[in-house]
Amino acid sequence: EEVRALCRRLHPRLPAFTAEFTQSVPLTRIRDIAHGKGDEHGKCREVRQEIKHTIQNKLHRCAGPEDLVATEAMLAKLTAPGTDYPKAFVEEFRIFHRELKDFFNASTVTDRLERLLREGGGNV
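If you're wondering where the values come from, they're calculated on a predicted model, not measured in any experiment. (Residues numbered from 1 in each chain as written. Predicted model: local features only at pLDDT ≥ 70, side-chain atom pairs only at ≥ 80, totals over all residues. Heavy atoms only, no water.)

**Quick notes on the overall build of the protein**
Next up, step 1: For the protein, the count of helices and strands is 7 helices and 0 strands.
Next up, step 2: Order of helices (α) and strands (β) in the protein, N terminus to C terminus: α-α-α-α-α-α-α.
Next up, step 3: Across the 124 residues in the protein, those meeting the buried criterion constitute 27%.
Next up, step 4: In the form shown here, the protein has an accessible surface area of approximately 8,800 Å², with 55% of it arising from carbon and sulfur atoms. (Helix = DSSP H or I, 4+ residues; strand = E, 2+ residues; numbered from the N terminus. Buried < 20%, exposed > 50% of the residue type's maximum accessible area, 1.4 Å probe, protein only. Areas by Shrake-Rupley, 256 points an atom, 1.4 Å probe, with all protein chains shown as cover.)

**Some remarks on the pattern of salt bridges**
Next up, step 1: Considering all chains together, one arrives at 9 salt bridges under this definition.
Next up, step 2: The salt bridge partner of E92 is K37, with a shortest N-O separation of 3.8 Å. Taken together, the residues span a long stretch of sequence, with E92 in helix 6 (residues 87-103) and K37 in the loop between helix 3 (25-34) and helix 4 (45-62) at a distance of 55 residues.
Next up, step 3: On the accessibility criterion, E92 (13% relative accessible area) is buried.
Next up, step 4: The salt bridge partner of K58 is E66, with a shortest N-O separation of 2.7 Å.
Next up, step 5: Judged by relative accessible area, which is 43%, E66 ranks as partly exposed.
Next up, step 6: In this structure, a network of salt bridges that share partners links the residues R29, K37, E92 and E99. (Salt bridge = Lys/Arg side-chain N within 4 Å of Asp/Glu carboxyl O.)

**Describing the environment of K43**
Next up, step 1: Following the sequence through the fold, K43 ends up in the loop between helix 3 and helix 4.
Next up, step 2: Along the chain, K43 and F89 lie 46 residues apart, while their C-alpha atoms are 9.9 Å from each other.
Next up, step 3: Every residue in contact with K43, bar those within four places of it in the chain, is listed here: D84 and P86. (Contact = heavy atoms within 4.5 Å.)

Right, here's the structure in full:
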C-alpha cells in the first residue's frame, strides 16, 4: 500500500517525454522558411535574412516569449496591405506562428476549441 501511495505522488513529478513536450516542429519549420521554403522565385530573400537573424537564430539559442512578439511583428509585416510576398511563403509563416503559440502555450481558448473540433472531426 505504501508503494502505491508513493507511486501516485511521484508520477506527476516525473518529466514528460510525450510529443506535446518534446516537439521540434516550430524550430524545423522556421529553419525551412529561412532557407527558402515557399519562396521558389527568391522574392523574399531580404525578409528571409531578417527572419534568420531576428527569429531563427534566437530560437535555437534560447527560446523565450519575446520570440512570439517578434514573430507577430514579422507576420504583420508579411501581411501588410500592399505587400506581394508569395502566398505559400506567408502561409508557411502563419503555420509557424501558430505552432510557436502552441509551443509557448499561448493559444487562446477559441484556438484550442477549434483545434479539438478539427482533430475530433467535429465530434467533441
